[in-house]
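Listed below are the residues making up each chain.
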Amino acid sequence: VETVVRGGPPLVQRVSELNRHYLMQIAPLIDAAAQRTGAVLTFADVSDLTRAEAEAEEARVAPTAVVATVVVDAHQHAARRADHGTGSLATEHRSR
């Protein structure tokens, strides 16, 4: 705040407190003589936006879900399939 009052540029910054997220803006308060006499602080609650950004980032970097894995053993002519959705393991015997 002091930096803005002393002539520094306005400040815009995200701040967090008790699981709430805010966009803080600090602007100079200017009197009729064009002198900086203080500062105006505003806080906009951006908690929902911050959560949505985190979810979007998580979805973007999360690997694509594996639905099934198939392993074929050429000697036994069997295929094993692990269904990652249910965690079950099935073995299918194939005949030629």
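Described below are features of the structure shown in this document. (Residues numbered from 1 in each chain as written. Predicted model: local features only at pLDDT ≥ 70, side-chain atom pairs only at ≥ 80, totals over all residues. Heavy atoms only, no water.)

What follows is about a nonpolar patch on the surface. A surface patch of nonpolar side chains, amounting to about 270 Å² of accessible area, comprises Val1, Leu41 and Phe43. For Val1, the location among the structural elements is in the segment before helix H1 (2-5). (Patch = residues over 30% accessible without salt bridge, like charges linked within 9 Å, V, L, I, M, F, W, Y side chains within 5 Å. Areas by Shrake-Rupley, 256 points an atom, 1.4 Å probe, with all protein chains shown as cover. Salt bridge = Lys/Arg side-chain N within 4 Å of Asp/Glu carboxyl O. Helix = DSSP H or I, 4+ residues; strand = E, 2+ residues; numbered from the N terminus.)

Before going further, it helps to examine the sheet that holds strand E1 (residues 11-17). One key point about sheets: their strands pair by backbone hydrogen bonds, in either a parallel or an antiparallel sense. One open sheet accounts for 3 strands, arranged E1-E2-E3; its pairing is antiparallel. Each having just a single partner strand, E1 and strand E3 (36-45) make up the two edges of the open sheet. When strand polarity is set aside, the average angle formed by the axes of neighbouring strands in this sheet is 30°. Packing against the sheet, helix H2 (residues 47-61) makes contact with E1, strand E2 (20-30) and E3, and its axis sits at approximately 130° to E2. (Pairing = 2+ DSSP bridges. Axes fitted to C-alpha atoms, helices over the stretch in contact; angles between N-to-C directions. Contact = heavy atoms within 4.5 Å.)

Let us now look at the pairing of E3. Of the pairings in the sheet, the one linking E2 to E3 comprises 9 bridges and is antiparallel in character. Bridge pairing links Ile30 to Arg36 in E3. Once E2 ends, the chain turns through 5 residues before running back antiparallel as E3, passing Ala34 with a positive phi of about 65°.

Inspection of the sheet shows E1 paired to E2 by 7 bridges, in the antiparallel sense. From the neighbouring strand, Gln13 faces E2, where its bridge partner is Met24. A loop of 2 residues connects E1 with E2, the two strands running antiparallel in sequence, and Leu18 in this loop sits at a positive phi of about 50°.

Following the sequence through the fold, Thr50 ends up in helix H2. Take Thr50: its relative accessible area is 18%, and that puts it in the buried class. Apart from residues lying up to four places away in sequence, Thr50 is in contact with Arg14 and His21. (Buried < 20%, exposed > 50% of the residue type's maximum accessible area, 1.4 Å probe, protein only.)

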